[in-house]
Amino acid sequence: MIRNFSADYIITVAGEPLKNGVVSVNDEGEIVNIYNADDFDTNSGEVEKHSGVIVPGFVNSHCHLELSHLEGVIPKGLKLIAFIREVLKNRKADESRIIECMEKADKLMYQNGIVAVGDISSTNLSKNIKEKSSIYYHTYVEVLGFDPEKAEDVFNKGLELKNEFYPLSTSLTMHAPYSVSKELFKLFKNYYADQTNLLSLHNQESEEENKLYRYKTGEFIDFYESMDISIDYFKPQARNSLQSVIPLLAKDQKILMVHNTFTSLKDLYFVGRFGRDVSWCFCPNANLHIEGRLPKIPMFMSHDFNITLGTDSFASNDQLDILAEMKAVATGFPTIPLETLIQWSTLNGAKFLGIDQDFGSIEKGKKPGLNLISNVKAMKLSPQSGVQKLI
Ligand SMILES: [Zn+2]
């Protein structure tokens with residue numbers, strides 16, 4: 001059976017928004033036709049007409065399912081290092097409780113119109129949920145280790161964990177510049193020199209990361225001391241963390257830099273000059289939760305970069321809702337058009353994950369899912385805007 005959906009606008013992300021357009025979908029969720037308002041033949045069946053805007057299903061570019069049991073646990077405004085301490089203190093829990101919370105998170109994301117997720121994992125606990133889920137998951141198996149002597153061990157354990165996720169879509173990834181040694185970066189560079197591997201790196205989530213790299217000062221020094229980890233071998237690099245790690249990444253590697261809260265214009269010029277395949281993922285509600293500020297998002301827009309959005313986890317967010325992330329960006333930067341926010345939340349994330357043949361835009365032959373966003377006024381989100389999954 002074919003179902004026909006219409007709304008005030010259809011934002012296809014493949015062309016201009018269609019005022020009062022109609023999109024037809026078959027039982028498999030495949031888009032079979034898209035019509036301008038005047039072109040739809042009313043004999044072709046009934047139309048489910050909605051108030052609001054129809055958009056493709058959302059792609060959540062950054063999440064940690066396995067931290068779902070930290071919902072409501074970590075207070076706002078701690079700043080990153082105190083936040084990390086809280087995560088380390090609280091993340092141990094009964095396996096059954098962790099799994100229960102992950103299942104709930106998976107269901108919530110589905111209800112919130114999310115059709116694909118890039119999920120960071122450092123255990124295999126989420127595997128069964130991902131296999132059963134109606135959401136497409138790409139798992140970034142994450143390793144970290146600032147001690148150069150442990151690099152090889154850490155890398156090999158990461159590969160083993162990656163194998164445990166077979167046959168799901170996975171790649172091996174590193175945590176953050178402040179938690180990964182140069183030696184570990186080199187192992188990645190060699191291993192993936194001639195094969196594609198999606199890399200996702202937490203980047204400049206705190207100014208402390210830049211301080212560590214520039215001058216070897218700041219709170220990370222105390223942090224490592226308190227963890228009894230020696231960083232004597234680490235030399236200050238006299239430049240921001242991003243500029244220090246970009247040359248350590250393989251040339252054809254697709255890289256998603258996540259957060260970018262303290263990325264500077266100079267950093268962006270550096271990345272542009274270096275010719276690496278970098279996309280940027282923003283998780284505005286997590287940034288507001290932890291650091292109380294947003295990245296300079298318009299600065300990235302003037303560089304023609306691929307931009308995506310993510311929710312991060314329940315450790316740093318009250319919800320796993322891409323619409324809520326769009327609202328946070330729109331509140332901070334009201335001039336960014338809704339169509340741009342939609343593109344970041346759909347096609348750009350799908351392109352990064354390499355799933356844009358099915359997801360990310362409303363085009364014939366794709367199965368992107370359809371969401372209805374309500375209470376859109378003059379093509380702007382309002383605080384009352386909500387999301388309803390149509391298919
Ligand atoms: Zn994260």
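Scroll up a little and you will see the structure.
The rules behind these values
- Residues numbered from 1 in each chain as written.
- Predicted model: local features only at pLDDT ≥ 70, side-chain atom pairs only at ≥ 80, totals over all residues.
- Heavy atoms only, no water.
- Axes fitted to C-alpha atoms, helices over the stretch in contact; angles between N-to-C directions.
- Helix = DSSP H or I, 4+ residues; strand = E, 2+ residues; numbered from the N terminus.
- Parallel < 35°, antiparallel > 145°, perpendicular 65-115°, else oblique.
- Contact = heavy atoms within 4.5 Å.
- Nonpolar A, V, L, I, M, F, W, Y, C, P; charged D, E, K, R; others polar.
- Phe/Tyr/Trp six-rings, centres within 6.5 Å; stacked < 30°, edge-to-face > 60°.
- Lys NZ or Arg CZ within 6 Å of the ring centre and 35° of its normal.
- Pairing = 2+ DSSP bridges.
- Buried < 20%, exposed > 50% of the residue type's maximum accessible area, 1.4 Å probe, protein only.
- Arc of directions from axis to C-beta.
- Core = buried A, V, L, I, M, F, W, Y, C linked by side-chain atoms within 4.5 Å.
- Domains from an automatic or database assignment.
- Polar contact = N/O pair within 3.5 Å; in protein donor to acceptor, adjacent residues only side chain to side chain.
- Donors = N, O, S within 2.8 Å, 3.2 Å for Na, K, Ca; no water.

**Things to note about the packing of helix α1 (residues 80-90) against helix α7 (residues 219-226)**
In contact at an axis separation of 10 Å, α1 and α7 are set at 25 degrees when each is read in the N-to-C sense. The angle between the axes of α1 and α7 places the two elements in the roughly parallel class. Counted together, Leu 80, Ile 81, Ile 84, Arg 85 and Leu 88 of α1 and Glu 219, Phe 220, Asp 222, Phe 223 and Ser 226 of α7 form the full contact between these two elements. Partitioned by chemical class, the residues of the contact of α1 with α7 number six nonpolar, one polar and three charged.

**Examining the packing of aromatic side chains**
All told, the structure shown has 18 aromatic pairs when counted by the stated rule. By the ring-pair criterion, three or more aromatic residues cluster together here, those being Phe 146, Tyr 178, Tyr 213, Phe 220, Phe 223, Tyr 224, Tyr 233 and Phe 234. The cationic tip of Lys 254 hangs over the ring face of Phe 352; the distance from NZ or CZ to the ring centre is 5.3 Å.

**Some remarks on the sheet that holds strand β7 (residues 53-56)**
Sheets are built from strands that pair by backbone hydrogen bonding, the pairs being arranged parallel or antiparallel. Spatial ordering of the open sheet is given by β3-β2-β7-β16-β19, a layout of five strands whose pairing is mixed. Every interior strand has two partners, whereas the edge strands, β3 (18-19) and β19 (387-389), have only one. Direction of pairing for β7 relative to strand β16 (residues 370-373): antiparallel, over a ladder of four bridges. Among the inter-strand pairings, Pro 56 is bridged to a residue of β16, identified as Leu 370.

**Considerations on helix α5 (residues 182-191)**
For α5, the complete set of buried residues consists of Leu 184, Phe 185 and Phe 188. Each buried residue of α5 lies within a common arc of 105 degrees when the element is viewed along its axis, so the set occupies one face. Packed against the buried residues of α5 are β10 (136-143), α4 (151-164), β11 (169-174), β12 (199-203) and α8 (241-245).

**Notes on the nonpolar core**
Ranked by internal contacts, the top residues of the largest apolar core, which has 91 residues, are Met 109, Phe 188, Phe 220, Met 257, Trp 280, Met 326 and Ile 373. Of the residues that make up this core, three or more belong to each of domain 1 (1-57 + 360-391) and domain 2 (58-357). Grouped together as the second largest cluster of nonpolar side chains are 16 residues, Val 115, Leu 256, Ala 350 and Phe 352 included.

**Remarks on the environment of Thr 331**
Note that Thr 331 resides in helix α12 (residues 322-332). Looking at Thr 331, its side chain comes within polar contact range of the main-chain oxygen of Lys 327, at 2.7 Å.

**Here we look at the coordination of the zinc ion**
Looking at the metal site, the zinc ion is ligated by His 62 (NE2), His 64 (NE2) and His 202 (NE2), spaced 2.1 to 2.2 Å from it. Positions of the donor residues of the zinc ion along the chain correspond to the pattern H-x1-H-x137-H. In this pair, His 64 is assigned in the loop between β8 (58-63) and α1 and His 202 in strand β12, connecting sequence segments 138 residues apart. A relative accessible area of 10% places His 64 in the buried class. Taking the relative accessible area as the measure of exposure, His 202 reaches 5% and is therefore buried.

**Things to note about the sheet that holds strand β6 (residues 47-49)**
Taking strand neighbours across the sheet as the criterion, the four strands line up as β5-β4-β1-β6 in an open arrangement whose pairing is mixed. On the outer flanks of this sheet lie β5 (31-35) and β6, each paired with one strand and no other. Taking each pair of neighbouring strands and ignoring which way they run, the sheet shows an average axis angle of 25 degrees. The sheet contact formed by strand β1 (residues 3-6) and strand β4 (residues 22-25) spans four bridges and is antiparallel. In the sheet register, Phe 5 faces β4, and the bridge partner there is Val 23.

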